[in-house]
Amino acid sequence: MKFTGLNDKLRFALAPIGIGSFALIVVVRLVYLHLDLVTTKLPPPNYGFNRVTQGQRGSIYSADGQTLARTTSRWEYRLDPRRATFDPRHPNRPLSSDKRMAKIRFVAEQLHLDERKVMDAYAEPKSRYVYLTESDDSDAHRELVDPKRGITELVIVDKPRRIYPQKHLLSQVLGFVSRDPTNSVGGAGLELKYEKYLKGTPGQVHGTKDAMGREDRSRRDLDIDAKNGCDVYLTINSNIQFETERILMEGLAEHRAERAWAIVMSVKTGAVLAMVTVPGYQPETFNKSSDDVRINRAISEVYEPGSVMKTITACAVLNEGRVGPDTMINTAKNDPNYYRLPGDAGHKWEETMSVREALVHSSNIVFGKLGYDLGPTRLYNYMQSFGLGRKTGIELPGEEIGLIPAPQKWDKVKWSRAPIGQGVAVTALQLATAYACIGNGGELLRPYLVEKIVQADGEVVYSHKKEVVGNPVRPQVTRQVLSMMTGVAKKGGTAKRAAIAGYSVAGKTGTAQMKEGRGYSSTNYHASFIGILPATNPEIVVLVTYQKPYYCRSRETSEAIGVPIFNHQGGLCAAPTFKRIAEITLRYLQIGPDIPDEMPDEDEDAFML
Amino acid sequence: MGVIALIICVFLVGIAYWTFDARCVAIQHEIGKAEKVTRELNKDLQRETATWSMMTSLGKLDERLNRHGLEMQVQKVEQIVNMNRDGRPKPNQLSVARARNRMRNISNVAFSKDDVSQSMRTMLPLRGTKSAAKGRAVQR
């Protein structure tokens, strides 16, 4: 064959040039692609993806290491019945009824469901996503997603979930989170207050996928890891909290009260060891509970404290130096020097009574006179300096201020009513903090719940430091008042039932009528007891309040319904509950007895040699 | 020759590119698998920790004990004896005070003063010891 065009030499020269040029173009293109020198947008936008990953919400732990709140995930199982009509191994062949039944049985067994329910789901003709159940059983999950099983009709969604392993324990303090699984936000309590710490930082991945939907990891241009939220460690001792809740629930039933709340606090640090409001609720199913049970009454219920206020009045008058613990006061109600003094409900006292005796017997007349003599401005200032009528600063949302009107607004009746806890309203936490101040020698501490906050990598971002808010009275006065208060839980005092074998208890009862319209109810009361112990070296303060305990004044009613006569009184209602809570707290904190030689009663189950 | 060398170079570059690309793709898949495994293991860890927290919650433990008829209570302070290393009870304990009181009562009935002072020294005679046996005998 003879070529007529270009000669051979030229053709031999052109061929490699052509091939070389082609190869060069390919190489240049590769270089452009790999070094991202291409100015046009490549690849097309539909191949790019932007994936946001959520950091896990932090956990909340008690002081003794119990998990109080944690985020986990669980699988939600749904079913696409249309996918179950064909054999997965032979897509054109319908699934035999035997195989279908075997599948139904297997799914029902693994998910612990009724076979009938699964069968109905498989028979659903229209829906493509029939809800089956939620489960966190890893073994069952592995079996169900095993390709050998061929259960392709199951649609599994991995849903994050906030759990509260202790159920109703500390529910009002912990709060709850919204039920949106992908973006849960704190809705109340600590979950709300510490939202910015608990919530994790989201991560982001921006990259490209190929036509098969596979990610090209070499093209990830943004890869930020999600960060888990911080863990919050509380001062709450879960054992004390648990026992306090149990005791308070039993007390609620026994005294037929509407509500009750209790606080156990460390006197020396202000750490809250237990904070209970009953009845409570389960935070996981908060939407099924009423608003009423979600309120943390220990900080949000403003109520007239009644006689527990007398301790503050005693501190005030002793600190002013006007009287001493043994100063004798006239107990006459109709004293012309005073305007409409409160009565003492049928008690017949001696003509005079010491301040100490007045506290032990809770005399309204004597404390009315003492407060009257002190004057409204001074008494108001003392209440304020003890933290009553202002927020304590605890790390919880929804704390109430209380209601202590300015002294200019006090009429002359209130001059003698405020000293006995009428006409002024406070929160339980304010009272507990004030009593802790008496217990620790006069330092008003900021109560606290959060001991520390720790990042996921272990770095401590917050650690509590003791915070002294003020020094309302001299240490000598607190010692005098403590010694006076010890008589309350002894024979002749208003709360013999608060006595604890081996321990000296400094406490005070309170029985306050509740407001009703413009006056006071004759049957609805707040029955309280606050105690500091051991009185010789105070470690803890325990407050117990029952709201609306059953009002019982006759023996017949008492026998018929099984509540004691005068059930509404602090000494009969709250004091025994205080005793039980205090005993358990002392045991858990390993606080030894301070008066081991004083043994009020020997129990049958006492230690035997 | 130059052209042939160029072709060979291009070929070699192509082969090298193809090899490295294949290796990169393989590593990508490995990374993908490892990431998936890590995610799943983390989720498993979360779930297992949550399950453990729920299993060991105070309410659950209490419920299980009750189910088996074990109504356990926290011991009372008078039922506890804290001991020193030398085996003697620590001071200021209610249990010890009560024991002392009991011994005093018992001594009024049966013991001589010497026996009582001996018991007081040992304070808490162990079960099976002579003084404990004496105590039990008298209590009966």
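Residues numbered from 1 in each chain as written. Chains lettered and ligands numbered in written order. Predicted model: local features only at pLDDT ≥ 70, side-chain atom pairs only at ≥ 80, totals over all residues. Heavy atoms only, no water.

**Comments concerning the overall build of chain A**
Thinking step 1. A tally of regular secondary structure across chain A gives 18 helices and 20 strands.
Thinking step 2. By the compact-globule yardstick of 25 Å for 609 residues, chain A is too spread out, its C-alpha radius of gyration being 36 Å.
Thinking step 3. C-alpha atoms of chain A, sized along the principal axes, occupy 150 × 60 × 60 Å.
Thinking step 4. Every one of the 609 residues in chain A was classed for burial, and the buried ones make up 50%.
Thinking step 5. Long-range pairs, those at least 24 residues apart, make up 71% of the contacts in chain A between residues at least 6 apart in sequence.
Thinking step 6. Charge centroids of chain A, computed over 79 positive and 70 negative side chains, lie 6 Å from each other. (Helix = DSSP H or I, 4+ residues; strand = E, 2+ residues; numbered from the N terminus. Rg over C-alpha atoms; globule rule 2.2 N^0.38 Å. Buried < 20%, exposed > 50% of the residue type's maximum accessible area, 1.4 Å probe, protein only. Contact = heavy atoms within 4.5 Å. Lys, Arg positive; Asp, Glu negative; His and termini not counted. Charge placed at Lys NZ, Arg CZ, Asp CG, Glu CD.)

**Concerning the pattern of salt bridges**
Residue and element names in this part refer to chain A.
Thinking step 1. One pass over the full model with this rule turns up 31 salt bridges over all chains.
Thinking step 2. Here Glu76 ties to Arg78 by a salt bridge, and the two come within 2.5 Å at their closest N and O atoms.
Thinking step 3. A salt bridge links Glu243 to Arg246, with the nearest nitrogen and oxygen atoms 3.0 Å apart. Note that Glu243 and Arg246 are positioned in helix 8 (residues 238–254) at a spacing of three residues, about one turn of the helix.
Thinking step 4. Its relative accessible area of 26% is what places Arg246 among the partly exposed residues.
Thinking step 5. Residues joined in a network through salt bridges with shared partners are Glu258, Arg259, Asp292, Arg297, Glu301 and Lys548. (Salt bridge = Lys/Arg side-chain N within 4 Å of Asp/Glu carboxyl O.)

**Topic: the environment of Trp52 of chain B**
Thinking step 1. Summarising the element assignment, Trp52 of chain B is placed in helix 1 (residues 2–55).
Thinking step 2. Given the relative accessible area of 55%, Trp52 of chain B is considered exposed.

**Details of the interface of chain B and chain A**
Thinking step 1. Across the boundary between the two partners, chain B contributes 46 residues, which contact 51 residues of chain A.
Thinking step 2. Summing the contributions of chain B and of chain A, the shared interface buries around 4,400 Å²; its carbon and sulfur component is 56%.
Thinking step 3. Looking only at chain B, the three residues that lose the most surface to chain A are Arg47, Leu58 and Arg98 of chain B, adding up to 16% of its buried area.
Thinking step 4. Inspection of the region where chain B meets chain A yields four salt bridges. (Buried area = accessible area lost by both parts, 1.4 Å probe.)

**Section: the nonpolar core**
Residue and element names in this part refer to chain A.
Thinking step 1. By size, the foremost hydrophobic cluster in this structure holds 88 residues, and its most contacted members are Leu234, Ile263, Met275, Phe386, Leu388 and Ile532.
Thinking step 2. Ranked by the residues each element gives to this core, the list is headed by helix 15 (residues 428–439), at nine residues.
Thinking step 3. Not counting residues up to four positions away in its chain, the partners in contact with Phe386 are Ile312, Cys315, Gln430, Ala434, Cys437, Ile438, Leu444, Pro472 and Val473. (Core = buried A, V, L, I, M, F, W, Y, C linked by side-chain atoms within 4.5 Å.)

**Some thoughts on unusual backbone geometry**
Peptide bonds are trans in most cases, and residues, glycine excluded, mostly fall at negative phi.
Residue and element names in this part refer to chain A.
Thinking step 1. The omega torsion across Val278 and Pro279 is -5°, close enough to zero to call that bond cis.
Thinking step 2. Relative to the helices and strands, Pro279 resides in the loop between strand 11 (272–278) and helix 9 (297–300).
Thinking step 3. Between Leu533 and the following residue, Pro534, the backbone shows a cis peptide bond with an omega angle of -10°.
Thinking step 4. Secondary-structure assignment places Pro534 in the loop between strand 19 (519–533) and strand 20 (540–547).
Thinking step 5. Even without being glycine, Lys167 reaches a positive phi, approximately 55°.
Thinking step 6. Tracing the backbone through its elements, the reader meets Lys167 in the loop between strand 5 (154–163) and helix 5 (171–174).
Thinking step 7. Even without being glycine, Gln590 reaches a positive phi, approximately 55°.
Thinking step 8. Structurally, Gln590 can be placed in the segment after helix 18 (570–588).

**With respect to the confidence of the model for chain B**
Thinking step 1. Averaged over all residues, the pLDDT of chain B equals 75, while 76% of them reach at least 70.
Thinking step 2. Across the predicted assembly, pTM comes out at 0.80 and ipTM at 0.74. (pLDDT = per-residue confidence, 0-100.)

**Here's the deal with helix 4 (residues 138–145) of chain A**
Thinking step 1. Along helix 4 of chain A, the residues classified as buried are Ser138, Ala140, His141 and Leu144 of chain A. Seen from one end, helix 4 of chain A has its buried residues packed into an arc of 160°, which puts them on one side.
Thinking step 2. In this structure, the buried residues of helix 4 of chain A make contact with strand 3 (67–79), helix 2 (97–110) and strand 5 of chain A together with helix 1 of chain B. (Arc of directions from axis to C-beta.)

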